[in-house]
Structures are given as structure tokens and as C-alpha cells.
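So you can see what is in the structure, the chains are spelled out below.
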Amino acid sequence: MNAQNLASGSAYFIAKETELPVTTVLSVLVDNEPGVLARVIGLFSGRGYNIESLTVSETEHEQHLSRITIVTRGTPHILDQIRHQLERIVPVHRVVDLSVRADELGQSGPIQRELALVKVAGLGEHRNEALRLADAFHAKVTDATTEHFIFEITGKGSKIDQFIAIMKPLGLVEICRTGVAAMNRGPMGM
Amino acid sequence: MKADKQDSDSRPSQRREMTGAEMVVQALIDQGVTDIFGYPGGAVLPIYDELFQQDKINHILVRHEQGAGHAAEGYARSTGKVGVMLVTSGPGATNAVTPLQDALMDSIPLVCISGQVPTSLIGSDAFQECDTVGITRPCTKHNWLVKDVNDLARVLHEAFHVAKTGRPGPVLVDVPKDVQFATGMYTPPEVSPRTSYHPKIQGDIEAIKQAVALMLTAKRPVIYSGGGVINSGNEASKLLRELVELTNFPITSTLMGLGAYPASGKNWLGMLGMHGTYEANMTMHDCDVMLNIGARFDDRITGRISGFSPNSKKIHIDIDPSSINKAVRVDVPVIGDVAHVLEDMIRLLRASSTKPDEKAIDQWWSQIDRWRARKSLSYTRNKDVIMPQYALERLYALTKDRDTYITTEVGQHQMWAAQFYHFEKPNRWMTSGGLGTMGYGLPAALGVQIAHPDSLVIDIAGDASVQMTMQEMSAAVQYEAPIKIFILNNQYMGMVRQWQQLLHGNRLSHSYTEALPDFVKLAEAYGGHGIRCEKPGDLDDAIQEMIDVKKPVLFDCRVANLANCFPMIPSGKAHNEMLLPDEATDDAVANAIDAKGRQLV
């Protein structure tokens, strides 16, 4: 018996997770009060959940409501836990898993958009190429000198990833991304 | 669900202007609070000044803020009321963290009011400043920093509401010193809970119907109840007993749920889990329908998840949706308060035309009786040395007919107490289950004794745990709280040693206490009464002396040094792979006993 227990060497029962992780988008409606964001992200770090993207802003000023959009990854079991744990937080009104909701509505997934500011500096052919590609990606020039551009681009995360990758050899200086904003298609609210 | 339980001798006050410090005291009075536990300091002096000038709230001065928290927990657990602690900023607040987390894990309603440096100094690293709401955010159900005196009354009332409703838990209200001095409008408690907080009390009737249908098909059923039954109130325990009576189902309970069903009841299997009885664990393993009432499939209960009750359909009643499917997937979840759900369940059972399968359940009982015959709690008596199990058997025999409350520390003595002390009523057993806080029992006993001044309150302790909060003996003496600290002294951190014996090749790394205080002299130094007992033959008289003395008592009960706590589910094992005492003594434990120890055991 000693030998068997030595093998595990732990007071805890450590089981391997057998389900495959999936990525999902959570919309969390909260009272806009001090500390509410810390409660939400503290829950993720404290319980070992992932945050791939986080967006937060007040959405209904009169009611002091903020909407937090979180892209997270985990097994369906963990994602269910995350939703229930979020619902326990006192200032949290509602938590909707937009990806699950889209499935229920027979849709391919929630609409996800991100905005990025991308600064590119360079001269000559690189500069022309950057401007041409920006046009192809429907990116707007929001600031420019003879030495640089700041492009504003919106779209799916994958589109922005691609744009950034293309700009890299053309003199990419810095990037700022907003994180994902998301909602489900159709006339219904969350 | 406990809103009606706060007994208040004064009518709620009216809206009127007062200082923040006055508001704190007024809110406590309006919430029906009669006793609080605390420790003063710079940032709470205005509140202490108000406490000085009134006589409705009885303040118990502890010797360390951790003691205040555990005392408030003991007070809450033994009364069903909200426990209240009052601490200063900085170290006062950080010392409160352990009891807050303890209360969070065991779902104990607790309100902690902490002082904070003035708002103008917050963030400046001022003297005795810490980010109290930041530090306590993950160890409270909710917390608030009040920056405007006009919010204070509302926040305090909301704090009580959040602490005691839904799944109860600890909350903290941080009050900067300038807010305590400032004048603002006090508002009495009113029923306007915030829109985002609405715990579900009533169970979904369709889910309850499904559960009842499943129960009526059961051939090998078991009820597994937990602390949720205690938290739901006396009515829940009454209904639980009625349900067992009605169905003749066997019932076991977690550590936190002891007393909800009486240990003398004929359907009682004893506690389950890592140190539970053979019959309880085997019944759980082999059952076909499991009814979990207010428990959370803790890892100390389930053993290896893949081997946990593999062939059963599981019903889970819990007020917290996040408990459902967290550790174990269940077939029929019912979200709601235990008393409310049981009421519906019993009504449906009575109305049903089908009845429980009596014949199958009788057969199930004869199987259970065979497991019972294994007598998994047996131990070898010794006429020279006090066996810890024997000490608890005698303690139980001599105190069971009294109005007794039991608290414990954490370790072997705690498990033995759960196995050998038998509880007939809820709210009589206060222990740190989830967090496993050594040092919980002594201050908890103080809190229980303050709530029940004429009852017999015993802390079943270990020699290591009890030293963690020993200073509260001084508070017990000050308030003439005659708590009895019954120390099972084996000079070891017994449970640590047991694990080292089982898992770490018997290398007893730092689990032996070479120097222990003389507990008798220590008791006397505090102004209490000390008793030492070393022989089984002297034990009854010594326990009687402990009961009769009207002072706090430290009872140094010298027990067999190397006794271990069995039965036990070793790590990574399932319920049907228990280690029983007669199997364990020889091979595993014998290695640990040297020549000197062998004489003792």
C-alpha cells in the first residue's frame, strides 16, 4: 500500500481532463461600480481560467451598466463552470455564452469585431506598398507624416492578425488593439 | 431565507442625520446584532467611541483578529444568526483574512467591518494602510469600500442581506476614518435588494418531480447530506428526518452536515469520505440512486472521481448553481434552498401512488448491515495508555445528556471527534471543514459560549492546532466564558505524521513538537483551570472535573503518541478501497514505531 501511494505522492486526486477545449465568447452585464472588473478578472486568474481577449465599457449610462466581453478557452465543462462562477459575483446581472447562444439559434457564431491602430514608418517603395495594402484591407489612414502612417482597421481578429503580419516587413512600429466586441445576429437582445 | 431569524429588541430607527461611526452602531442594532467580536486600532477609534457610549451591543475583545473571526463563525454556526467582527485597517484587516476564507468555504454568514485610513490618504502607503477590499475580494462573497457617508447605511444593510441570504458567506465593509467622522443621512433597513442579486430559493418543480420519480425506482438508495441542510435552518433538518422516515433510505453526511440527522437514528450510517465509516462509503459506492442534499462533492468526500459511485443516478439539491456538475456530473440537479425543496419533495412523495420499493430496500439494508458488522471504527483498547478514540468515547458518554456544543481544531482529533462524538441536533458541531484551519476551535468555542452562556462548550483540540490561537484563553477568562479545551495531546501534528507515514516513506519531517508548553501551568497563567490526565482509569474523574469547573479549562489529555486515524481512503482510491484499522496497523504503521513508541501504542 505504501508503494502505491508513493507513486501518486499527493493528498489530492488529480484527474486528467478528457474533453477537448473550445473557444467561446462570453458577454457579462455588470453594475458599473468600483472593483467590478477586478472581481471578474480575479475570478479568472484565481480559478485558473484563460482570458484570450477582454473588452469592457459602460453601455447603459442611466442604469450604470457595463458590458464585459471575454474570449476564453476551455472544455465545455469548464466553460459552464466559468459562467456559473461569474453569475455568483454580486454585481453581475447576466452572463451569456454568445457561442452557445449562436448554436441554439442555428447560427455559425456571434459577430465579433475588433479595432486596431497600426503605426507603420518608412520611405519609398515600402511606404507605397503599405498604403496600397491598407486600402485593400479597408484600413483608414488616421494620421500621417511623410515618414509614417497610423492605420485604423476594424474586422475579425483573424483579419487584423493578417494585416499586422503583412505590415511587419513594411516598417511596423506599434500596434494597439481593442479586444473583441461581440453580439449575436438577429433581432433578440442578450 | 434567514432574514426572519435576527431577533431584535428594538424597532428599526428612522431616517436621520448622524456620523458614520454612529451609523455603524445603529445599523448593527437595526440588524438585530447583540454581540460582536473585535479589536480596536487607529482607523476604527470613532466606531469604538460609539460602542463605548451605548449598551445594546456587547463587544467581546479578542486577542488577535483571527480569533475575532473564528469566534464570530462559532457564534453564527451555533445560532443561525450572522456573526459580526470589527477590525482596524492594515494588520487588523490582513489578520481577518483566514477566518473570512474559512467562512467562505464553509458558507458561514459573517459581516466584517474594517477601518481604513482616511480617503485622502488611500493609495499613499499611509501608516497601517493596506488594500483591504483588494486583499479580501477573493475571500468574501462580496465587499465594499465606502467613500461617501451617505452610502454607508445602505451598504451596511446590503452587507447583512448578502451575508445571510442565498448561499451564506462572509462580507466585508471597509470604512475610511474620515467617513466615520463625517455626518450624513442614516437610512433604516428596507427590502430593496440590488437588482443583480437574487438567489434562487424555490426549487424548480419539474426537476423535483423528476427527482421523486427517480427516488421511487431506487433499489439501493442513499441520502448524502451536507452543511447546506444546517445553513437552511432547523426546518430543513426536520424535513430531512421526515424524508428518511418516509422512505427508509439510509443516510450519511459530510463533516459539515453532522447533526442534521440524529446519530441515534436507525438509518444513520455515520460520516462518509476519507475518514468515514465502511458502511457509509460502501453504501455510496454501490448505490443505484444517490440523493445529495446540500453537499458539494468535495474531494475529501469523493475519493477518486472515476471510481466514485460509478453505477448510480445522482440527484443534487444545492442553492448554488456553480456547485452543480463542478466535481461530479449529476443526472437531476435541483437548484434551491434545502428546506423549500424538501418540502415540495415530501409533498410529492406523499401524494404519489407509487411507493418506495420496500422489498428491495430491505435487501439493501441487510447488505448494509453486513458492512456495519465490519465495525470499521474499532480500535485496540489499552489499559495503560489513553487511546484517543477512548478519550472521545468517554467525553461523549459524560457530556451527551447535557446541553453541549462541540468545536474542533483540524487534524486527527477532528476526524476522531466526527467519528466518536454523536450529534443529535443541528448547530451543535462547529468545525473548519473546507479550509481546514488549525486554530479554529478555541476562538470558535468562545463565540459559541458567548451565544450560549449556560451551555457546555467543548473544543476538541490537538496539541499543535490549539497553540495557534491559544491567546484567546485570555479573552475567555475576561468574559467568564467557561470553555473547555480538551486537548488530545500526542506531541505530534498527528495528521501530518499519518500522511508522512503513508506517503513519504515514514520520514517524519518536522511533525514532532519537541517542546510543548506545560498546558496545566499555561491554563493557570491565563487565570483558567488546568487538568492533566495520563491514565485511562483517571479519565472519567478528570472529565467530570472539567465539566464541573466554572472557568475556562485546558485539559491536557495525554494520548497514545502514534495512534492513526482509520478507516481511511488513501489518495487516488475509491470508496470501496478503504484502509481499515485492522488492516492498517501491521504493515503501514508498524514501520513508524520505534522501540520507545512501541511501548506506548
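Residues numbered from 1 in each chain as written. Chains lettered and ligands numbered in written order. Predicted model: local features only at pLDDT ≥ 70, side-chain atom pairs only at ≥ 80, totals over all residues.

Going by what an unreviewed UniProt entry lists, chain B is known as Acetolactate synthase and is assigned to Phyllobacterium trifolii. Quoted verbatim from the Sequence similarities (unreviewed entry) field of UniProt, the annotation for chain B is "Belongs to the TPP enzyme family." Taken directly from UniProt, the Catalytic activity (unreviewed entry) text for chain B runs: "2 pyruvate + H(+) = (2S)-2-acetolactate + CO2". (UniProt positions renumbered as here; feature names shortened; annotations may be inferred.)

Chain A is annotated in an unreviewed UniProt entry as Acetolactate synthase small subunit from Phyllobacterium trifolii. As recorded by UniProt, the Subunit (unreviewed entry) comment attached to chain A reads in full: "Dimer of large and small chains." Reading the Catalytic activity (unreviewed entry) entry of the UniProt record for chain A gives the comment "2 pyruvate + H(+) = (2S)-2-acetolactate + CO2".

Q: Residue-level account of the overall build of chain A, with values.
A: For chain A, the count of helices and strands is six helices and nine strands. Taking 16 Å as the expected radius of gyration for a compact globule of 190 residues, we find that chain A reaches 22 Å, considerably beyond that expectation. For the C-alpha atoms alone, the extent of chain A along its principal axes is close to 75 × 50 × 35 Å. Residue burial in chain A is summarised as follows: out of 190 residues, 25% are buried. (Helix = DSSP H or I, 4+ residues; strand = E, 2+ residues; numbered from the N terminus. Rg over C-alpha atoms; globule rule 2.2 N^0.38 Å. Buried ≥ 20, exposed ≤ 12 C-beta atoms within 10 Å, placed from the backbone.)

Q: Tell me about the UniProt feature "domain: Thiamine pyrophosphate enzyme N-terminal TPP-binding" (unreviewed entry) in chain B, and name the residues and values.
A: Under the UniProt annotation, "domain: Thiamine pyrophosphate enzyme N-terminal TPP-binding" (unreviewed entry) lies at residues 18-134 of chain B. With 44% helix and 19% strand, the stretch residues 18-134 of chain B has end C-alpha atoms that lie 29 Å from each other.

Q: For the sheet that holds strand 4 (residues 83-87) of chain B, give the residues involved together with the corresponding values.
A: Residues and elements named next belong to chain B. Strand order in the open sheet made by the six strands is 3-2-4-5-7-6, with parallel pairing throughout. The sheet terminates laterally at strand 3 (58-61) and strand 6 (142-145), the two strands that pair on one side only. The average angle at which neighbouring strand axes cross in this sheet is 20°, direction not considered. Note that strand 2 (residues 35-38) and strand 3 share four bridges and pair parallel. Bridging from a neighbouring strand, Asp35 pairs with Asn58 of strand 3. (Pairing = 2+ DSSP bridges. Axes fitted to C-alpha atoms, helices over the stretch in contact; angles between N-to-C directions.)

Q: Describe in detail the packing of helix 16 (residues 388-399) of chain B against helix 17 (residues 412-420) of chain B, supporting the description with residues and values.
A: Residue and element names in this part refer to chain B. Following both chains from N to C, one finds helix 16 and helix 17 inclined at 50°, their axes separated by 9 Å at the closest point. In terms of orientation, helix 16 and helix 17 fall into the oblique class. With respect to the hand of their crossing, helix 16 and helix 17 are arranged in right-handed fashion. Contacts between helix 16 and helix 17 involve Pro388, Gln389, Leu392, Glu393 and Tyr396 on the former and, on the latter, His413, Trp416, Ala417 and Phe420. Here the contact of helix 16 with helix 17 is built from residues that sort into six nonpolar, two polar and one charged. (Parallel < 35°, antiparallel > 145°, perpendicular 65-115°, else oblique. Left-handed = near helix turned anticlockwise from the far one by under 90°. Contact = placed C-beta atoms within 7 Å. Nonpolar A, V, L, I, M, F, W, Y, C, P; charged D, E, K, R; others polar.)

Q: Residue-level account of the packing of helix 12 (residues 278-286) of chain B against helix 15 (residues 358-372) of chain B, with values.
A: All names here are of chain B. The interhelical angle for the contact between helix 12 and helix 15, taken along N-to-C directions, is 140°, at an axis separation of 8 Å. Here helix 15 runs oblique to helix 12, going by the angle between their axes. Once helix 12 is placed against helix 15, the crossing between them reads as right-handed. Seen from helix 12, the contacting residues are Tyr278, Glu279, Met282 and Thr283; seen from helix 15, they are Ile368, Trp371 and Arg372. In terms of residue class, the contact of helix 12 with helix 15 is made up of four nonpolar, one polar and two charged.

Q: Tell me about the UniProt feature "domain: ACT" (unreviewed entry) in chain A, and please be specific about residues and values.
A: Within this structure's numbering, the places UniProt gives as "domain: ACT" (unreviewed entry) are residues 25-100 of chain A. As annotated, residues 25-100 of chain A has a helix share of 36% and a strand share of 41%, and its two end C-alpha atoms lie 9 Å apart.

Q: How would you explain the domain arrangement of chain B if you had to name every residue and give the values?
A: Residues and elements named next belong to chain B. In terms of domain boundaries, chain B breaks down into domain 1 (3-186), domain 2 (205-372) and domain 3 (388-565). Centre-to-centre separation of domain 1 and domain 3, based on C-alpha positions: 30 Å. Facing the 25 residues of domain 1 at the interface are 27 residues of domain 3. Within the residue set of the side of domain 1 that touches domain 3, elements represented by two or more residues are strand 2, strand 3, helix 3 (65-79) and helix 5 (97-106). Sort the elements by how many residues they give to the side of domain 1 that touches domain 3 and helix 3 lands first, with eleven residues. Looking at side-chain class alone, the side of domain 1 that touches domain 3 contains eight nonpolar, eleven polar and six charged residues. (Domains from an automatic or database assignment.)

Q: Got a sec to walk through the UniProt feature "domain: Thiamine pyrophosphate enzyme TPP-binding" (unreviewed entry) in chain B? Specific residues and values, please.
A: Those residues carrying the UniProt feature "domain: Thiamine pyrophosphate enzyme TPP-binding" (unreviewed entry) are residues 410-557 of chain B in this numbering. Between the C-alpha atoms that bound residues 410-557 of chain B there is a distance of 17 Å. The span itself is 37% helix and 17% strand.

Q: Explain the sheet that holds strand 10 (residues 251-253) of chain B to me, using residue names and the numbers behind them.
A: In any sheet, the strands associate via hydrogen bonds between backbone groups, in a parallel or an antiparallel arrangement. Residue and element names in this part refer to chain B. Strand order in the open sheet formed by six strands is 11-10-9-12-13-14, with parallel pairing between adjacent strands. Because the sheet does not close on itself, it has two edges, and the strands there are strand 11 (268-271) and strand 14 (332-335). Geometrically, the sheet is characterised by an average inter-axis angle of 15° between neighbouring strands, direction not taken into account. Across two bridges, strand 10 lies against strand 11 in parallel orientation. From the neighbouring strand, Ser253 faces strand 11, where its bridge partner is Met271.

Q: Explain the nonpolar core to me, using residue names and the numbers behind them.
A: In this structure, Val24, Met85, Leu110, Val111, Leu240, Ile485 and Ile487 of chain B are the most contacted members of the largest nonpolar core, which totals 194 residues. The next biggest cluster of nonpolar side chains, apart from the first, holds twelve residues, and it includes Ala116, Ala130, Phe149 and Met167 of chain A. (Core = buried A, V, L, I, M, F, W, Y, C linked by C-beta atoms within 7 Å.)

Q: Provide a residue-level description of the confidence of the model for chain B, including the pertinent values.
A: All names here are of chain B. Confidence in the prediction of chain B, expressed as mean pLDDT, is 94, and 95% of residues score 70 or more. Between residues 1-10, whose pLDDT stays under 50, and residues either more than four places distant or in other chains, the model counts 19 contacts. Low confidence marks residues 589-601, where pLDDT is under 50. Its contacts with residues over four positions away, or in another chain, come to 20 contacts. Our summary of model confidence lists the complex with pTM equal to 0.93 and ipTM equal to 0.89. (pLDDT = per-residue confidence, 0-100.)

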